[in-house]
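Architecture at a glance
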Amino acid sequence: MTAADPNPANAAPAVRRRIRVRGIVQGVGFRPTVYRLATERGLSGWVLNDAEGVLMEVEGPAAAVDDFLRTLQAERPPLARINAVEPEDAPPRGETAFRIAPSEAGRRRALISPDMAVCDDCLREMFDPADRRHRYPFINCTNCGPRYSIIRDIPYDRPNTTMARFTMCPACRAEYDDPADRRFHAQPNACPECGPHLDLRDAGGRPVAEADPVAAVRRALLDGRIVAVKGLTGFHLACDARSDDAVADLRRRKGRDQKALAMMASGARAVAERARLVDAARALLESIQRPIVLVPKREGHDLSPLLAPASPYFGFMLPYAPLHYLIFEDDFPPLVMTSGNLSEEPICRENDEALRRLAGIADLYLLHDRPIHTVCDDSVTMVQRGRPLMLRRGRGYAPRPLSLPVAAAEPVLAVGPELKNALCLARGEEAFVSQHVGDLKNALAARYFEATAERLERLLETRPAVFAHDLHPAYLSTRYARRRAREDGLRLVAVQHHHAHVASVMAEHGLTGEVLGLAMDGTGYGPDGTVWGGEVLRASAAAYKRLGHLRPIPLPGGDAAVTHPVRTAWALLLETFGPAEAEARRVGYLAGDRATDRAVWTQMILGGATPRACGLGRLFDAVSVLAGVSAENTYEGQAAIELEAAAHNARDDAPPYPFTLTAAAGGEGAWVLDPRPMVRQVVADAEAGRGAAEISARFHAAVADMLRAAARRARDETGLARVCLSGGCFANARLVERLAPALESEGFNVYAHRDVPPGDGGVALGQAYVAAARTTVDNA
Ligand SMILES: [Zn+2]
Ligand SMILES: [Zn+2]
């Protein structure tokens, strides 16, 4: 790999620089770019991949070397992410050529790229009848395609990927070996001669003889069938999003009754015909990560009302695998593209597994023989206050690291919470948040959790010395951390759930020192053994104090009250009006005639045998029931999401309901946000026949008002004016868009999530920051 050009710049005195580049710089076409920029400028030297990233030496006239360095940063390859460029002087050697030197092995700190959407160059080739990869669904190059999902081990070389089984043909090999080629060292490089192929199967898993499997799939979809499609990082179940029958079939077979289904559309224009698309949302849709983006529905669309029945949003993504572009060719209509699994189970990985687990769901399977080593769900995002917000972090983002404000003295594995689990492995300042793992109550998800932990450790060659975990002793993640710490004699750091939430926002914004935290979600284990979830904290990364909280709401039957919020609503009614009056003031879904159940709940509550929770999510549940919006949580947050949706077309200036902020009767001295005055007014409004839209709008205004009052009170006590918003309640755009500007107008600095979800998917990052801060303090 020696360049033939002699150095034409020998006349000027030569300088030589040794340059270290850190970041995502391997497997993304970095060395060919260096090679091209160096040879274009007549520089000599070499470049190589090593354990820490890319190392190079360049030699030539000072002006040309400076220009090289400038251009390298400006023209870095699309998938590269440069964290640091560190040049130092070196003695000139008088070389005459530039070469790409062999990789150096060793302890690796180079980063692995996420899986990325097919690039424009590859798309052009795929649709070019003269190209040798014309209509080849596995086309890729160093600028695009699979990465994290196909890597089995490091270093990132073909034998360590799931492409190892395919031997490159001479044409592909020549591209792979040519430093000037776009496919130089593109590990998944392949063509129809030598690479993976599609494999069409019928509902029973038998091969279907079809010259053009994609055409057969398009016909089946237009015919109302459900097709399992193996994509880049997992399986999807696809059907025609316009067809009520197809969507109803899919819901029934998949066991997913009400939650909104994600869709794929041929392009941003097809989305804009069906949803209101602001520029920030369009940019997210078209970004190289290609997440699902929640966008407000338009009136008069042609899609099935069964897709997202109680939501004001559609979840859309655009094609990202070459195969998707073939399916969506010529403006094919929007398809449901939901994760290929049963409800709450992780997404399928292997062909055999898909045929087994999706049996009875799919009418047809579009498989291929490029194995997926690590599955990733599609990422889910939305635009809030004009900015992107992550709601589920997966494909396209994992395992790209975020950075911690302090370096972890020893590697930390933060194991995350129980629901919406994701893990985080931190070493130094780098925090690698895993893809979405899911709810660990599910046995398949529990296995996926352990596999994800092991893969992160292996690919990053980092063994944790500290395990950060939730305070809840029974969480599967907690038990896992304890077991491993015991087996290996390692340290444990227990992190309170809402402290982790606040620390997670701090980590995202590089905050150190003390802040105020509003941590608002459903439930989380408190250090006193009670259920927290409406928390006003004074927090640093290492410690926190509970300043105030929502008044605890009884949950008759515990978890049953979370699934059936009529119980919570009744409990609030009872606490607001007393037993006799409550009976007469039943509204919404409590107005029905199920007196026996109520008698049992009343007994549980008055007898003191009922757990109580401070979760703001539980208040949303109860109001959703009283407003007649929703009586069930068939998935986490359903009643609250539907309550937010009910206000979608309500007036923006709805007057807030009242609340009270009271000092605690004793104990730890935290004050209490009492929502009972709100409940009184909700009931009065419902009795007066006011609609759910108005009640919901007034309730959202009230919650924003209450949280603003809480922040003000906390600032008066502490002098702190930085407020971090975290917890699943802040996925609620209506709440955030009222609360955040109000706080800012009063001089607060408001920090919200961006790169990790406000819900429990962001907790592991916070756990890692807390553990890093505590171990740093301990070691100081
Ligand atoms: Zn490409
Ligand atoms: Zn080939």
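Right above here is the structure, for reference.
Residues numbered from 1 in each chain as written. Chains lettered and ligands numbered in written order. Predicted model: local features only at pLDDT ≥ 70, side-chain atom pairs only at ≥ 80, totals over all residues. Heavy atoms only, no water.

**So, the coordination of the zinc ion (ligand 2)**
Tetrahedral coordination by four donors sets the ideal angle at the metal to 109.5 degrees; octahedral coordination by six donors sets it to 90 or 180 degrees. Protein coordination at the zinc ion (ligand 2): the donors are C169 (SG), C172 (SG), C191 (SG) and C194 (SG), at 2.2 to 2.3 Å from the metal. Coordination geometry of the zinc ion (ligand 2): the four donor atoms subtend angles of 104 to 115° at the metal centre, consistent with an arrangement described as tetrahedral. Linear spacing of the donor residues for the zinc ion (ligand 2) on their chain is C-x2-C-x18-C-x2-C. Of this pair, C172 sits in helix α4 (residues 170-177) while C191 sits in the loop between α4 and β6 (198-202), placing them 19 residues apart in sequence. We note that C172, like C191, is buried. (Donors = N, O, S within 2.8 Å, 3.2 Å for Na, K, Ca; no water. Tetrahedral: all angles 85-135°; square planar, octahedral: opposite > 155°, others 65-115°. Helix = DSSP H or I, 4+ residues; strand = E, 2+ residues; numbered from the N terminus. Buried < 20%, exposed > 50% of the residue type's maximum accessible area, 1.4 Å probe, protein only.)

**Here's the deal with the layout of surface pockets**
When its volume is computed, the second largest pocket comes out at roughly 520 Å³. Lining the second largest pocket are 21 residues; nearest its centre among them are P296, Y313, H648, A733 and E737. Elements represented by at least two residues in the lining of the second largest pocket include exactly β10 (292-296), β14 (380-384) and α22 (733-745). Looking at the lining of the second largest pocket residue by residue, the classes come out as eleven nonpolar, three polar and seven charged. (1 Å grid on protein atoms, 1.4 Å probe; cavity = no way out; pocket = protein on both sides within 12 Å on 5 of 7 lines; lining within 4 Å. Points joined across faces, edges and corners; volume = space filled by probe spheres on them. Nonpolar A, V, L, I, M, F, W, Y, C, P; charged D, E, K, R; others polar.)

**Here we look at the nonpolar core**
The biggest cluster of nonpolar side chains holds 63 residues, and the ones touching the most others in it are L518, L573, L616, L619, L626, F699 and F730. If one sorts the elements of this core by residue count, helix α21 (residues 692-718) sits on top with eleven residues. L72, L111, L456 and A481 belong to the second-largest nonpolar core, a separate cluster that totals 54 residues. (Core = buried A, V, L, I, M, F, W, Y, C linked by side-chain atoms within 4.5 Å.)

**Comments concerning empty space enclosed by the protein**
Overall, the coordinates contain five cavities of 30 Å³ or more when judged by the stated rule. Considering only enclosed or pocket space, the second largest cavity measures out at about 60 Å³ in volume. What lines the second largest cavity is simply V25, Q26, G27, V28, G29, F30, R31, P32, N49, T142, F184 and H185. Looking at the lining of the second largest cavity element by element, the count peaks at three residues for helix α1 (residues 30-40). Grouping the amino acids of the lining of the second largest cavity by side-chain chemistry returns five nonpolar, six polar and one charged.

**Topic: the sheet that holds strand β3 (residues 53-61)**
Within the open sheet, the five strands sit side by side as β4-β1-β3-β2-β5. Their pairing is mixed. Only two strands of the sheet have a single neighbouring strand rather than two, namely β4 (81-90) and β5 (98-100). Neighbour to neighbour, the strand axes of the sheet diverge by 15° on average, direction disregarded. Sheet topology places strand β1 (residues 14-24) next to β4; nine bridges connect them, and they run antiparallel. Residue I24 lies in a different strand from β4, and its bridge partner there is R81. The strands touched by α1 within the sheet are β1, β2 (44-50), β3, β4 and β5, with β5 carrying the most contacts at an inclination of about 175°. (Pairing = 2+ DSSP bridges. Axes fitted to C-alpha atoms, helices over the stretch in contact; angles between N-to-C directions. Contact = heavy atoms within 4.5 Å.)

By themselves, these observations are geometric and do not establish any function.
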